[in-house]
Amino acid sequence: MDLGKLQYFEKIESNTQKEFLIEQNNCILCAGPLDLQHIRVESTGEIKEETHCPHCDLRTEAKTHSLQ
Ligand SMILES: [Zn+2]
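Within every chain, residues take consecutive numbers counted from 1 along the sequence as written. Under the rules for a predicted model, residues below a pLDDT of 70 receive no local features and side-chain atom pairs below 80 are neither given nor counted, while totals for whole chains, interfaces and linings still include all residues.

## Quick notes on the overall build of the protein chain
Phase 1 of the analysis: Along the backbone of the protein chain there are 2 helices and 3 strands.
Phase 2 of the analysis: Under the DSSP-based scheme used, a helix requires at least four consecutive residues in state H or I and a strand at least two consecutive residues in state E, with every element numbered from the N terminus. Overall, the protein chain shows an N-to-C arrangement of helices and strands of α-α-β-β-β.
Phase 3 of the analysis: Going through the 68 residues of the protein chain one by one, you find that 4% of them count as buried.
Phase 4 of the analysis: By definition, residue pairs are in contact when their C-beta atoms, positioned from the backbone, come within 7 Å. Contacts in the protein chain between residues far apart in sequence, at least 24 positions, make up 24% of those at least 6 positions apart. Here exposure depends only on C-beta density: within 10 Å of a residue's C-beta, 20 or more other C-beta atoms make it buried, 12 or fewer make it exposed, and intermediate numbers make it partly exposed, the C-beta atoms being placed from the backbone.

In structure tokens, the structure reads:
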């Protein structure tokens, strides 16, 4: 399980984005680590979390974070 977290860190470039990784998810189908993407919504200034399981091709749209 810890190895999955390490893989996430390697994909993240920004230090501020690292903090979001605490809320990392695992796939509900295979329990594997999900690819986590943060998408900035320009109109609202929020960060949208989107996760994707490369194993099951399962995609989920998660919570949004306000930058304020
Ligand atoms: Zn999966």
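Once you've had a look at it, read on.
## Let's talk about the pairing of strand 3 (residues 58-66)
Phase 1 of the analysis: Bridge analysis of strand 2 (residues 46-53) against strand 3 gives 7 bridges, and the strand direction is antiparallel. For I47, the partnering residue across the bridge sits in strand 3 and is H65.
Phase 2 of the analysis: Strands are treated as partners if at least two bridges between them are detected by DSSP. Counted along the chain from strand 2 to the antiparallel partner strand 3, the turn is 4 residues long, and its residue D57 has a positive phi close to 60°.

## Details of the environment of G32
Phase 1 of the analysis: For G32, the location among the structural elements is in the loop between helix 2 (15-18) and strand 1 (35-41).
Phase 2 of the analysis: Put simply, G32 and C53 are 21 residues apart on the chain and 7.5 Å apart in space, counted from C-alpha to C-alpha.
Phase 3 of the analysis: In contact with G32, other than residues within four places in its own chain, are N26, C27, C53 and H55.

## As for the confidence of the model for the protein chain
Phase 1 of the analysis: Taken as a whole, the protein chain shows an average pLDDT of 74; of its residues, 62% reach a score of 70 or greater.
Phase 2 of the analysis: By definition, pLDDT measures how confident the predictor is in each residue, and it falls between 0 and 100. The spread of mean pLDDT over the elements of the protein chain runs between helix 1 (residues 2-11), the lowest at 54, and strand 2, the highest at 89.

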